[in-house]
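Working through the structure, step by step
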Amino acid sequence: MKEDTKGKLRRIRDFFWPVLEAKDSDKKDLSISLEKCSFLSDKNIDLAIQAARDFSAREEDRRKTVENKASILIGTFSVVITILLSFLKDIILGLNRYPIFFTATAFIFASIIVVYLSFSVYHATNVLTKAKEGYDWPAVPSFLYNGTREYKTLLFLKIRNSTYANMSIINKKVDSMTMAYEFFKCAIRTVIIFAIILAVLFILS
């Protein structure tokens, strides 16, 4: 029962102000060492290397996708802000023509929308911000050409561990994009409510 109450309160909170829940999985080190890695045959290693490369490619596609979405959202923000500022300009220039209640309502809702959009763009910008820890790419490891006998196993480990290290960074980008969309949805809901209020005031007047 308590969990249901907490869930409802969380949904109500997220409706007005989205909050990203912390994930324990992001704090774990998912890398493995050579001692913990064993294969039955060279064929088995080759399959593992291919699987690791495919997984790495999927993660890279995921990164590109979320960054493209962030760029589109930031572009949309500039259009919405232009429209909003134009609307506020008309309100300011016509202060004497509009009732004080209408003017106050317009400024309150416009301010709320700007706050939501600002946080949306803030999170979208975080998606495009270069991670402090940086990405780990296999490049051309020295064990491929220095005569190391376990070069295939080491190659698998390098690709696999690099991908999992990058995955935590990409997950943060995805989380930031999720928050950007949530705040953008809040802004849209506010615009809808504002539009309904304007329609009611117009009908009553």
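As a reminder, the structure under discussion sits directly above these lines.
Everything numeric in this text was worked out from a predicted model, so none of it was measured. (Residues numbered from 1 in each chain as written. Predicted model: local features only at pLDDT ≥ 70, side-chain atom pairs only at ≥ 80, totals over all residues. Heavy atoms only, no water.)

Considering the packing of aromatic side chains
Applying the stated criterion across every chain yields a total of 8 aromatic pairs. Aromatic pair F55 and Y164: ring centres 5.5 Å apart, planes at 45°, arrangement tilted. Here F55, found in helix α2 (residues 42-93), pairs with Y164, found in helix α4 (residues 151-204); they are 109 residues apart in sequence, far enough to count as distant. On the accessibility criterion, Y164 (26% relative accessible area) is partly exposed. An angle of 45° between the planes, with centres 6.4 Å apart, marks the rings of Y116 and F183 as tilted. Remark: F183 occurs in helix α4 and Y116 occurs in helix α3 (residues 100-128); sequence separation between them is 67 residues. (Phe/Tyr/Trp six-rings, centres within 6.5 Å; stacked < 30°, edge-to-face > 60°. Helix = DSSP H or I, 4+ residues; strand = E, 2+ residues; numbered from the N terminus. Buried < 20%, exposed > 50% of the residue type's maximum accessible area, 1.4 Å probe, protein only.)

Side note on a nonpolar patch on the surface
On the surface, a cluster of nonpolar side chains totalling about 860 Å² of accessible area is made up of L9, I12, F15, F16, W17, V19, V115, F119 and Y122. Listed by contribution, the elements that provide at least two residues to the nonpolar patch are α1 (2-16) and α3. When residues in the nonpolar patch are grouped by element, the largest group, 4 residues, is from α1. With respect to the secondary-structure elements, I12 resides in helix α1. (Patch = residues over 30% accessible without salt bridge, like charges linked within 9 Å, V, L, I, M, F, W, Y side chains within 5 Å. Areas by Shrake-Rupley, 256 points an atom, 1.4 Å probe, with all protein chains shown as cover. Salt bridge = Lys/Arg side-chain N within 4 Å of Asp/Glu carboxyl O.)

Some thoughts on the nonpolar core
Counting 21 residues, the largest nonpolar core has L73, L117 and M177 as its most contacted members. At the level of elements, α2, α3 and α4 are the ones that each hand at least two residues to this core. What M177 contacts, discounting residues up to four positions off in sequence, is V66, K69, A70, L73 and V127. By size, the runner-up hydrophobic cluster in this structure holds 9 residues, among which are I45, A48, L155 and F156. (Core = buried A, V, L, I, M, F, W, Y, C linked by side-chain atoms within 4.5 Å. Contact = heavy atoms within 4.5 Å.)

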